[in-house]
Amino acid sequence: MTSLMKLFHSPFSPFVRKVMVFVMETGLDTRIERVTVNPWEPHAELGEANPLGKVPTLITDDGMNLYDSAVICEYLDVLHNGPDLIPHAGPERLKALRLEALADGMAEAAVLRRMESVRPVALQSEDWMGLQARTVGRALDALEQEVESWGQLFGIGQISVACALGYLDFRFSHEPWGSSRPGLAAWYARIAQRPAMIATEPKG
Ligand SMILES: N[C@@H](CCC(=O)N[C@@H](CS)C(=O)NCC(=O)O)C(=O)O
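Residues numbered from 1 in each chain as written. Predicted model: local features only at pLDDT ≥ 70, side-chain atom pairs only at ≥ 80, totals over all residues. Heavy atoms only, no water.

**A word on the packing of aromatic side chains**
Line of reasoning, step 1. Using the criterion set out here, one finds 3 aromatic pairs in the structure.
Line of reasoning, step 2. Summarising the aromatic geometry, the rings of Trp-150 and Trp-187 are spaced 4.9 Å apart at their centres and angled 75° between planes, so their arrangement reads as edge-to-face. With Trp-150 in the loop between helix H5 (126–146) and helix H6 (156–171) and Trp-187 in helix H7 (residues 182–191), this pair connects stretches of sequence that are 37 residues apart.
Line of reasoning, step 3. Classification of Trp-187 as buried rests on a relative accessible area of 5%.
Line of reasoning, step 4. Sitting above the plane of the Phe-12 ring, Arg-171 keeps its charged end 5.3 Å from the centroid. (Phe/Tyr/Trp six-rings, centres within 6.5 Å; stacked < 30°, edge-to-face > 60°. Helix = DSSP H or I, 4+ residues; strand = E, 2+ residues; numbered from the N terminus. Buried < 20%, exposed > 50% of the residue type's maximum accessible area, 1.4 Å probe, protein only. Lys NZ or Arg CZ within 6 Å of the ring centre and 35° of its normal.)

Right, dumping it as structure tokens:
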């Protein structure tokens, strides 16, 4: 019997959710043991596995430490027998990785804004939060431009987008992004019904 891979996990991280959706979509979830941590507090085992101290971090069943979410998904995509979620080569690969980068960048800006907003009010920078909010807005507009071209595809790019949008809904529900982006909103409403999306929805 192969031993389990260990995933340093936090239920609120859009990047962890991306890896969790990836493993559920590919049937690899039974091979993963989750270790839930608060990544914003020092954690000896996580720090040893990843000098950046971030989640997600994966320890493979042969003991290799992998981060970040993009590298982890790249590793996982060769471990299952279903259709590849990351194209191997050519323009399709570049398009998928660029979409992943756009979605991850949007999630990163949203996380930065959120972290700033929970600092003591006197330390918060409105400029900094505004900068991150504008980055998120531009990324949403770019996604609205390309959503129609995705069709039924749910690969690495779309998984990353879905988890980034889920994070916006979770942390910034008072700022509905969908009203001015109807194509993206309709796509997300459909995708949010997938079992892997429902099972990983952040709550709290
Ligand atoms: N690019 C990374 C981003 C990971 C990330 O920012 N994780 C956050 C949680 S959402 C974290 O662990 N932050 C802890 C820290 O920055 O110390 C990925 O795709 O995995």
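**Section: the domain arrangement of the protein**
Line of reasoning, step 1. For the protein, the assigned domains read domain 1 (5–76) and domain 2 (90–194).
Line of reasoning, step 2. Across the contact, 13 residues belong to domain 1 and 18 residues belong to domain 2.
Line of reasoning, step 3. Summed over both sides, the interface between domain 1 and domain 2 buries roughly 1,300 Å², with carbon and sulfur atoms accounting for 70% of that surface.
Line of reasoning, step 4. Among the residues of domain 1 in contact with domain 2, Pro-14, Phe-15 and Lys-18 are the three that bury the most area, contributing 38% of the side total.
Line of reasoning, step 5. Where domain 1 meets domain 2, there are 4 salt bridges.
Line of reasoning, step 6. A salt bridge links Arg-194 to Glu-25; the shortest N-O distance between them is 2.9 Å.
Line of reasoning, step 7. At the boundary of domain 1 and domain 2, one finds 4 residue pairs in polar contact (both at pLDDT 80 or more).
Line of reasoning, step 8. Elements with a contribution of two residues or more to the side of domain 1 that touches domain 2: helix H1 (14–26) and helix H3 (69–76).
Line of reasoning, step 9. In terms of residue class, the side of domain 1 that touches domain 2 is made up of 8 nonpolar, 1 polar and 4 charged. (Domains from an automatic or database assignment. Contact = heavy atoms within 4.5 Å. Buried area = accessible area lost by both parts, 1.4 Å probe. Salt bridge = Lys/Arg side-chain N within 4 Å of Asp/Glu carboxyl O. Polar contact = N/O pair within 3.5 Å; in protein donor to acceptor, adjacent residues only side chain to side chain. Nonpolar A, V, L, I, M, F, W, Y, C, P; charged D, E, K, R; others polar.)

**Focus on the layout of surface pockets**
Line of reasoning, step 1. The calculated volume of the largest pocket comes to roughly 720 Å³.
Line of reasoning, step 2. Lining the largest pocket are 27 residues, with Ser-13, Phe-15, Trp-40, Val-55 and Val-111 positioned closest to its centre.
Line of reasoning, step 3. Ranked by residue count, the leading element in the lining of the largest pocket is helix H4 (residues 90–117), at 6 residues.
Line of reasoning, step 4. For the lining of the largest pocket, a count of residues per class yields 15 nonpolar, 6 polar and 6 charged.
Line of reasoning, step 5. Residues lining the lining of the largest pocket come from more than one domain, with at least three contributed by each of domain 1 (5–76) and domain 2 (90–194).
Line of reasoning, step 6. In this structure, the second largest pocket occupies an estimated 260 Å³ of space.
Line of reasoning, step 7. Lining the second largest pocket are 16 residues, and of these Glu-92, Lys-95, Ala-96, Leu-153 and Gln-158 lie nearest its centre.
Line of reasoning, step 8. Of all elements in the fold, only H4 and H6 reach the threshold of two or more residues within the lining of the second largest pocket.
Line of reasoning, step 9. Looking at which element gives the most residues to the lining of the second largest pocket, the answer is H4, with 5 residues.
Line of reasoning, step 10. Considering only residue class, the lining of the second largest pocket consists of 7 nonpolar, 4 polar and 5 charged. (1 Å grid on protein atoms, 1.4 Å probe; cavity = no way out; pocket = protein on both sides within 12 Å on 5 of 7 lines; lining within 4 Å. Points joined across faces, edges and corners; volume = space filled by probe spheres on them.)

**Description of the site of the ligand**
Line of reasoning, step 1. The immediate surroundings of the ligand are formed by Ser-13, Pro-14, Phe-15, Pro-39, Trp-40, Lys-54, Val-55, Pro-56, Asp-68, Ser-69 and Glu-108.
Line of reasoning, step 2. Measuring from a nitrogen atom of the ligand, one finds a side-chain N or O atom of Asp-68 at 3.0 Å.
Line of reasoning, step 3. Coverage of the ligand by the protein chains reaches 84% of its 510 Å² of free accessible surface.
Line of reasoning, step 4. Of all the cavities here, the one that holds the ligand is the largest pocket.
Line of reasoning, step 5. Classifying every residue of the shell around the ligand gives 6 nonpolar, 2 polar and 3 charged. (Near = heavy atom within 4 Å. Areas by Shrake-Rupley, 256 points an atom, 1.4 Å probe, with all protein chains shown as cover. Sits in = over half its atoms within 2 Å of the grid points.)

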